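Notes for the structure review
Residue strings, one per chain:
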Amino acid sequence: MSNPYSSFCEDFYVNMRLGSQLSLPHQRETLLHFFERIQKEFPAMGRFRKNDNGELNLEEDRSHSSHRWVSLESKRLSSGHVNPQSVEEGMKLHT
């Protein structure tokens, strides 16, 4: 990690949480389009899964020190980049 946080901590996160009062869309085509657009921009994000509570996740391999993830719940969209090379690099996923 080429930012000053590496001298203070082992892991550094740039996370985003977007909450909504309305339920987010969960139609199959809408979800596929959303996650395909993310995967096009970040091809290493290849692990897709659905939890028992209906949460959908797309993420990179967590065995690497730097990885990204996106999570879609019924009323919240979250994303994160663990150990990005810079804060600007970490913000690319959220943009």
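For the structure itself, look to the data block above.
The next thing to look at is the overall build of the protein chain. For the protein chain, the count of helices and strands is two helices and five strands. Listing each helix as α and each strand as β along the protein chain from the N terminus yields β-α-β-β-β-β-α. With the C-alpha coordinates of the protein chain rotated into their principal frame, the extents come out at 45 × 30 × 25 Å. Within the protein chain, the fraction of its 95 residues that count as buried is 33%.

Let's shift gears to the nonpolar core. Counting 11 residues, the largest nonpolar core is built from Leu 31, Phe 35, Ile 38, Phe 42, Met 45, Leu 56, Leu 58, Val 70, Leu 72, Leu 77 and Leu 93. Of all the secondary-structure elements, those providing two or more residues to this core are helix 1 (28–41), strand 3 (56–59) and strand 4 (67–72). Setting aside chain neighbours within four positions, we find Leu 72 in contact with Leu 24, Pro 25, His 26, Leu 31, Phe 35, Gly 54, Glu 55, Leu 56 and Leu 77.

Here we come to helix 2 (residues 87–94). Among all positions of helix 2, only Gly 90, Leu 93 and His 94 are buried. Each buried residue of helix 2 lies within a common arc of 105° when the element is viewed along its axis, so the set occupies one face.

Throughout the structure, instances matching the rule amount to two aromatic pairs. A centroid spacing of 5.1 Å and a plane angle of 70° characterise the contact between Phe 34 and Phe 35, whose relative ring orientation is edge-to-face. What makes Phe 34 partly exposed here is its relative accessible area of 29%. Ring geometry for Phe 35 against Phe 48: centres 5.1 Å apart, planes inclined by 65°, an arrangement best described as edge-to-face. Taken together, the residues Phe 35 in helix 1 and Phe 48 in strand 2 (residues 47–50) connect sequence positions 13 residues apart. Ring-pair connections join several aromatic residues into one group, and the members of that group are Phe 34, Phe 35 and Phe 48.

What counts as what
Residues numbered from 1 in each chain as written. Predicted model: local features only at pLDDT ≥ 70, side-chain atom pairs only at ≥ 80, totals over all residues. Heavy atoms only, no water. Helix = DSSP H or I, 4+ residues; strand = E, 2+ residues; numbered from the N terminus. Buried < 20%, exposed > 50% of the residue type's maximum accessible area, 1.4 Å probe, protein only. Core = buried A, V, L, I, M, F, W, Y, C linked by side-chain atoms within 4.5 Å. Contact = heavy atoms within 4.5 Å. Arc of directions from axis to C-beta. Phe/Tyr/Trp six-rings, centres within 6.5 Å; stacked < 30°, edge-to-face > 60°.

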